[in-house]
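# Geometric and topological summary
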Amino acid sequence: MALKLRSQMPELEGASTWLNGEVMKTDLVGDKPTLIHFWSISCGLCKEAMPNVNEFRDQYKDKLNVIAVHMPRSEKDLDLDEIKKVAAEHEITQPIFVDDQHKLTDSFENEYVPAYYVFDEEGQLRHFQAGGGGMKMLTKRVNRVLGIKE
């Protein structure tokens, strides 16, 4: 069972490494809303969804923090060079929390890739969704958190 709505954002601790810069929860909360998305190099749906996530990141770059969490699903997913390669191929330029020991995955109680968590600027969870589709719903929820009328 994933984090419950209105839960506080967990601390971003336990990364085996960070790619594209390191971020702390204190950097995010109180500033602007945050989208945290879980993905894995062995996840086809994640790769298919990445252009949408990137478009999202670029469209909202001044209004929304975007953090990627690489959640390994098998031994092969632990290859850091492969993670870097796939991240480059899919233009993942936002900070990537590499969660080899599932520490952040566990604190989010996350079981899915891709999975998307939208937190408001106070760090409260406002939306969760998992799976490949549903960018329309994600856009709606992010717009709501940002106070953008559709």
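In case you missed it, the structure is sitting above this.
Keep in mind that this is a model prediction, so the values were computed, not measured.

The helix and strand inventory of the protein chain stands at five helices and six strands. In the protein chain, the order of α-helices and β-strands from amino to carboxyl end is β-α-β-α-β-α-β-α-β-β-α. In summary, the protein chain has a C-alpha radius of gyration of 14 Å against a globular reference of 15 Å for 150 residues, a match within 12%. Dimensions of the protein chain, computed from C-alpha atoms along their principal axes, come out at roughly 40 × 30 × 25 Å. When the 150 residues of the protein chain are sorted by exposure, 47% land in the buried category. Side-chain charges of the protein chain comprise 19 positive and 25 negative groups, with the mean position of each set lying 8 Å from the other.

One open sheet accounts for six strands, arranged β1-β4-β3-β2-β5-β6; its pairing is mixed. A single partner strand is all that each edge strand has here, and the edge strands are β1 (17-19) and β6 (125-130). Sheet twist, expressed as the average angle between the axes of neighbouring strands with direction ignored, equals 20°. For β1 and strand β4 (residues 96-98), the ladder comprises three bridges, and the chain directions are antiparallel. When the bridges of β4 are listed, W18 appears paired with F97.

Applying the stated criterion across every chain yields a total of eight aromatic pairs. Judged by centre distance (5.2 Å) and plane angle (80°), the ring pair of W18 and F97 falls under edge-to-face. Pair noted here: W18 is in strand β1 and F97 is in strand β4, with a separation of 79 residues, a long-range link. Both residues of the pair, W18 and F97, count as buried. Here the aromatic residues F38, F108, Y112, Y117, F119 and F128 are joined through ring pairs into a cluster of three or more.

It is worth spelling out the pattern of salt bridges at this point. Pairs can form between side chains of opposite charge once their charged atoms are near each other. A complete count under the given rule lists four salt bridges for this structure. Ionic pairing is found between E89 and K85, a salt bridge with its closest N-O pair at 3.8 Å. Of this pair, E89 and K85 both sit in helix α3 (residues 80-89), separated by four residues, roughly a single helical turn. Bridged by salt links that share partners, the residues E82, K85 and E89 form one connected network.

Think of an α-helix as 3.6 residues a turn; residues three or four steps apart then line up on the same face. Along its 16 residues, helix α2 (residues 44-59) runs 24 Å from first to last C-alpha, staying within 8% of the 22 Å computed at 1.5 Å per residue. Residues of α2 that are buried include every one of C46, A49, M50, V53, N54, F56 and R57, and no others. Each element contacted by the buried residues of α2 is listed here: β2 (34-39), β3 (65-70), β5 (115-119) and α5 (135-146).

Each value, and the rule that gives it
- Residues numbered from 1 in each chain as written.
- Predicted model: local features only at pLDDT ≥ 70, side-chain atom pairs only at ≥ 80, totals over all residues.
- Heavy atoms only, no water.
- Helix = DSSP H or I, 4+ residues; strand = E, 2+ residues; numbered from the N terminus.
- Rg over C-alpha atoms; globule rule 2.2 N^0.38 Å.
- Buried < 20%, exposed > 50% of the residue type's maximum accessible area, 1.4 Å probe, protein only.
- Lys, Arg positive; Asp, Glu negative; His and termini not counted.
- Charge placed at Lys NZ, Arg CZ, Asp CG, Glu CD.
- Pairing = 2+ DSSP bridges.
- Axes fitted to C-alpha atoms, helices over the stretch in contact; angles between N-to-C directions.
- Phe/Tyr/Trp six-rings, centres within 6.5 Å; stacked < 30°, edge-to-face > 60°.
- Salt bridge = Lys/Arg side-chain N within 4 Å of Asp/Glu carboxyl O.
- Expected span 1.5 Å × (residues − 1).
- Contact = heavy atoms within 4.5 Å.

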